[in-house]
Amino acid sequence: MAPDARGMADRWQDPRRRVRAGRQGGSVGSMPHKQGRSPAPGDSQEPLAKYRRMRDFARTPEPSGAPPERSEGGDRVFVVQRHRATARHYDFRLEVDGVLASWAVPKGPSLDPEIRRLAIHVEDHPMEYLHFEGVIPSKEYGGGDVIVWDTGTWEPGHDEDPAAAIRAGTLHVILHGEKLRGQFMLVRTARQQGDKEQWLLFHKHDEHTVQGWDAEDFPRSVLSGRTNEEVLADPDEVWHSDRPADQAAESLRVDVPDPLTEDELSTLRDLGTSGTWEVFGRTVRLTNLDKVMFPGREGAGPVTAEEPVTKREFIEYAGRVAPVLLPYLAGRAVNLHRYPDGAQAKGFWHKEVPKHAPEWLPRWDNPDADPGETKTYLVVDEAAALVWAANYGALEWHPWTSPTDAPDCPSYVMFDIDPGERTSWEETLELARLHRAAFEALQLRAYPKVTGRRGLQVWVPIRRGPSFADTRAWAEKVSRSIGAMVPELVSWRWEVRARKGLARLDYTQNAVNKTLVAPYSPRPSAGAPVSVPITWDELDDPDLRPDRWTIRTVLDRLAETGDSFSGVLHHDQTLPRVR
């Protein structure tokens, strides 16, 4: 009996469906794993030579491909990728002799035997391309977004040799996919499209036949459950073509640990003044746990005075907030603002990882560091590293705005609303509301947060590409346009004294190794205030203050409202032109 087309449509419209075959440590069918020699340029006998000639792997995220292996045994695999490039089409790919024999099918395959689809025979692709789902840069060959529309195994009909059948111009294919099942034919015609052969792809009459079946009725990926539009807006992975193909995939998602258990928290609370804490799979040595790190806030009127915050309480906060904060720090160098004697004493910036740091501590060596500059930075790629930093007396955490794999390519454009001595809180809010209106007009997602002190900051996530010079120039244009609306509130002078108490809209933070404090980072002031993300609507909340939340209250806010800042992790925006 033929499958029900309506039921299949409902199944593939469900965005919650997540099929990860072949992506999470396993594989589908017989995929090559070894790296052989790289083919010499112009080696026309190498099946992927044409594929490589047509791509610049210094720019495209596509895998360059390992030299093919001739595997024996195991099921052959296939994939159909929905690809929006110059024109939308479906890439129909069959594993044949260690590569993916490929056809571009403009209207997609069908389960209706009466529908015959044009299929353009294109160059073979590497097996690593099997489950590529992401974005190819617009200026590259095939630029556009790609989803894995269907995948599974296949077998040739009549025990034929697939490579010989392709050369002869007729291939009988039996597919065992999630959407495509049954017998298909690929038949070469006498026509050409440029230098490419034209074929026909059609389904044969069998139990899998469905009349009127159209691929466009089932637009979601069988791997992620997402559409092309959703993958373009928020890709999961990026490919690095300067690495071996089996190491090219870099996840854009950070695996965060589970929250600390009550037993783990009780262990910390029961420690003496020093000891070791087993946390997030690491053993972290803790010292001076009863030392005051933040003095308490003084009471006034109905407000009760607060108790000081000890190092033990501060470290507990670092452990509890780490699962939320980790995605904002992972893959980035972190500058630490250290106050070993507490916020009541003078602090200093500390960037170099000390020699006594544990071996497991993640770190990054800056290849562009000049003699005398910081060479090795902390990278909080795991939650225990934040606990270590807290014990080290780092009361503030400042991640770079660029990742360590591309330190000259910012991930954000930063806006710092820095009030002057004469700037009232209401005037600061007025400046923030002007930023809100500007980003609405520019149709950009932008994310505000209070600083934990007097001001506000705004982060605008962007797609990788612009340099810091580009983002700084763009931010200056936007900032000066905003400042021109209220010139009586803003000074553009660098020196604090020269500003005469006016606010500064600081676009100069858009530079390599310049940072703004991380979301949920404490600030070195009485009461341990925290830099907390807010929604734009909260600018109109009469109770909003820049230091409203502390390490004792912000976790309750997170539990109640969630993390309103998480949108900055989706680097899908390009900057519009501004005058």
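In the block above lies the structure referred to throughout.
Values in this document were obtained by computation on a predicted structure and should not be read as measured data. (Residues numbered from 1 in each chain as written. Predicted model: local features only at pLDDT ≥ 70, side-chain atom pairs only at ≥ 80, totals over all residues. Heavy atoms only, no water.)

Turning our attention to the pairing of strand S8 (residues 181–193). The pairing of strand S7 (residues 170–177) with S8 spans 7 bridges and is antiparallel. Its bridge partner being in S8, Leu-171 is matched across the sheet by Leu-186. Note that S8 and strand S9 (residues 196–203) share 7 bridges and pair antiparallel. Note that in S9 the partner of Met-185 across the bridge is Phe-202. In textbook terms, the turn of a hairpin is the stretch between consecutive antiparallel strands, and for S8 and S9 this stretch comprises 2 residues, one of which, Gly-194, has a positive phi near 65°. (Pairing = 2+ DSSP bridges. Helix = DSSP H or I, 4+ residues; strand = E, 2+ residues; numbered from the N terminus.)

Before going further, it helps to examine the sheet that holds strand S24 (residues 504–506). Across the sheet, 4 strands lie side by side as S22-S23-S21-S24; this open sheet has antiparallel pairing. Edge positions in the open sheet fall to strand S22 (447–450) and S24, since each of these has one partner strand only. For this sheet the average axis-to-axis angle between neighbouring strands, irrespective of direction, equals 20°. Note: strand S21 (residues 412–418) against strand S23 (residues 456–461), 6 bridges, orientation antiparallel. Among the inter-strand pairings, Asp-416 is bridged to a residue of S23, identified as Gln-457. Contacting S21, S23 and S24, helix H8 (residues 425–442) runs over the sheet at an angle of about 155° to S21. Against the sheet, helix H9 (residues 468–483) contacts S21 and S24, and its axis sits at roughly 35° relative to S21. (Axes fitted to C-alpha atoms, helices over the stretch in contact; angles between N-to-C directions. Contact = heavy atoms within 4.5 Å.)

Turning our attention to the packing of H8 against H9. The geometry of a pair of packed helices is captured by two quantities: the angle between their axes and the separation between those axes. It is at 10 Å that the axes of H8 and H9 come closest, and there the two elements cross at 125°. Considered as vectors, H8 and H9 are oriented oblique to each other. Pair H8 / H9 crosses with right-handed handedness. Residues Leu-434, His-435, Ala-438, Phe-439 and Leu-442 of H8 form the contact with H9, whose participating residues are Trp-474, Val-478 and Ile-482. (Parallel < 35°, antiparallel > 145°, perpendicular 65-115°, else oblique. Left-handed = near helix turned anticlockwise from the far one by under 90°.)

Moving on, we get to helix H10 (residues 554–561). Considered for burial, the residues of H10 that qualify are Val-554, Leu-555, Arg-557 and Leu-558. Buried residues in H10, looked at end-on, bunch into an arc of 155°, giving them a common side. For H10, the exposed residues set more than 90 degrees away from the buried face come down to Asp-556, Ala-559 and Glu-560. Summarising the contacts, the buried residues of H10 are in contact with helix H6 (311–329). (Buried < 20%, exposed > 50% of the residue type's maximum accessible area, 1.4 Å probe, protein only. Arc of directions from axis to C-beta.)

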